[in-house]
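Observations on the model geometry
As a plain string of letters, each chain reads:
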Amino acid sequence: MDFKIHQLKGYIQTIYLVEEKGSFLLLDGCCRPDVEVVESYLESKLNRNLSDIKLVITTHAHPDHMGGVELFKKRGIPIAGPRDLNQMYSGPFGIVTYWVDILLTYLVALNKKRGFKNILFSRKVKLDYILTDLMEVPFFKNWKVLECPGHTIMDLSIFHEEQKLAYIADNFVSTKTNVFRPYPIWKPQEYRSSLQRYIDLGINDFLIAHYGQVKVSHERIKELIDSTPDIPRKHHNSLPAILMKLLKSVFK
């Protein structure tokens, strides 16, 4: 391979830093406190600087994928993301969704014993590059963008065609033994279509935000497609059950 993927332990998720030809691509915008994690890793482990990151991608608007982008941007690093990124938290409903997502992030952090840190971030960001389906990632022509919505309204996956490898953010979550659908799922039909794209493109290896790199069989992906219900799982109809599950995990 002509690239290397560094996996870092983020606040609640795995951070993927692609090193290719002396430059770095950050595959998602992390949580706000993860900016220091990335900078420390570059300096202490690789003897490099944060400015060696040529691009930060934010795949969708959740605190662990968009939370650090404004800080990266202030350091002069270009930010790329989907065209609808700022729609997620706009308007009164968007403000409520933002604060619910902040709460859920803190509960996951408590469950992981990660402590309390400032994860607040701007609900809007000015993108330097808008990423659309099948375009090459700026500065990294071997990586392509896939629009794979369903988990939210705008999810992106980042695909290396030669290696049949994709960073899919939250489109799967995983344990040591299995992979599962994420919460929420805003658009079930689009989510099923997104998973089918992975099969059609022959993707074998997946970089998952909430686990690590895993191989997922096409048979398992097909099972997830077939078992995805038609009713969306969103905060208004699923949040109480999700909160109870997280709270039981935290205080068990």
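These figures come from a predicted structure and were not determined experimentally.

1. Quick look at the packing of helix α5 (residues 188-200) against helix α6 (residues 218-227)
- Following both chains from N to C, one finds α5 and α6 inclined at 165°, their axes separated by 9 Å at the closest point. One element, α5, and the other, α6, form an angle in the roughly antiparallel class. The way α5 lies across α6 gives a crossing that is left-handed. For the pair α5 and α6, contact is made by R192, L195, Q196, Y198 and I199 and by H218, I221, K222, L224 and I225, respectively.

2. Thoughts on the sheet that holds strand β3 (residues 23-26)
- Spatially, the six strands line up as an open sheet ordered β1-β2-β3-β4-β5-β6, and their pairing is mixed. Of all the strands in the sheet, the pair left with one neighbour each is β1 (4-9) and β6 (129-131). Averaged over neighbouring strand pairs, the angle between their axes works out to 25° when direction is ignored.

3. Examining the pairing of strand β10 (residues 165-169)
- Among the five residues of β10, five are classified as buried, and the element is accordingly described as predominantly covered.
- Residues of β10 alternate between two faces, with L165, Y167 and A169 on one and A166 and I168 on the opposite face, all of them buried.
- Looking at chain direction, strand β9 (residues 156-160) and β10 are connected through three bridges and run antiparallel. What sits directly across from I158, in β10, is Y167.
- Hairpin geometry of β9 and β10 is characterised by an intervening segment of four residues between the two adjacent antiparallel strands and by a positive phi of about 50° at K164.
- Taken together, the four bridges between β10 and strand β13 (residues 205-208) define a ladder with parallel strand orientation. In the sheet register, A169 faces β13, and the bridge partner there is I208.

4. Things to note about the pairing of strand β4 (residues 53-57)
- With respect to burial, β4 is a largely interior element, four of its five residues being buried.
- Here β3 runs beside β4; their pairing, made up of three bridges, is parallel. Its bridge partner being in β4, L26 is matched across the sheet by V56.
- You can see the chain leave β3, run along helix α1 (residues 34-45) and come back into β4, and the turn it takes is right-handed.
- Here β4 runs beside strand β5 (residues 79-82); their pairing, made up of two bridges, is parallel. Residue pairing for β5: V56 is matched across the bridge by I79.

5. Topic: the nonpolar core
- L26, V38, I53, V56 and F72 are the most contacted members of the largest nonpolar core, which totals 34 residues.
- Mapped by element, the contributors of at least two residues to this core are β2 (14-20), β3, α1, β4, α3 (69-74) and α4 (91-111).
- Per element, the largest residue contribution to this core is four residues, and it comes from α4.
- For L26, the contacting residues outside a window of four places in its chain are I15, Y16, L17, V38, I53, L55, V56, I57 and F72.

6. Remarks on unusual backbone geometry
- Residue P184 is reached from Y183 by a cis peptide bond, and omega for that bond is -5°.
- You can see P184 is positioned in the loop between β12 (179-180) and α5.
- One non-glycine residue, L134, adopts positive backbone phi at about 70°.
- Among the structural elements, L134 can be located in the loop between β6 and β7 (136-137).
- A positive phi angle, near 50°, is found at K164, a position not held by glycine.

7. Remarks on a nonpolar patch on the surface
- Residues I95, W99 and L120 make up a contiguous nonpolar surface patch of about 280 Å² in total accessible area.
- Tracing the chain through its elements places I95 in helix α4.
- Judged by its relative accessible area of 36%, I95 is partly exposed.

8. Things to note about empty space enclosed by the protein
- Tallying each qualifying case throughout the model produces one cavity of 30 Å³ or more.
- Taken as a whole, the largest cavity spans an internal volume of roughly 60 Å³.
- If you go around the largest cavity, the residues you meet are Q13, T14, I15, Y16, L26, L27, D28, C30, D64, H65, Y167 and A209.
- Within the residue set of the lining of the largest cavity, elements represented by two or more residues are β2 and α2 (63-66).

What counts and how
- Residues numbered from 1 in each chain as written.
- Predicted model: local features only at pLDDT ≥ 70, side-chain atom pairs only at ≥ 80, totals over all residues.
- Heavy atoms only, no water.
- Axes fitted to C-alpha atoms, helices over the stretch in contact; angles between N-to-C directions.
- Helix = DSSP H or I, 4+ residues; strand = E, 2+ residues; numbered from the N terminus.
- Parallel < 35°, antiparallel > 145°, perpendicular 65-115°, else oblique.
- Left-handed = near helix turned anticlockwise from the far one by under 90°.
- Contact = heavy atoms within 4.5 Å.
- Pairing = 2+ DSSP bridges.
- Buried < 20%, exposed > 50% of the residue type's maximum accessible area, 1.4 Å probe, protein only.
- Right-handed = clockwise from strand over helix to strand, strands pointing away.
- Core = buried A, V, L, I, M, F, W, Y, C linked by side-chain atoms within 4.5 Å.
- Patch = residues over 30% accessible without salt bridge, like charges linked within 9 Å, V, L, I, M, F, W, Y side chains within 5 Å.
- Areas by Shrake-Rupley, 256 points an atom, 1.4 Å probe, with all protein chains shown as cover.
- Salt bridge = Lys/Arg side-chain N within 4 Å of Asp/Glu carboxyl O.
- 1 Å grid on protein atoms, 1.4 Å probe; cavity = no way out; pocket = protein on both sides within 12 Å on 5 of 7 lines; lining within 4 Å.
- Points joined across faces, edges and corners; volume = space filled by probe spheres on them.

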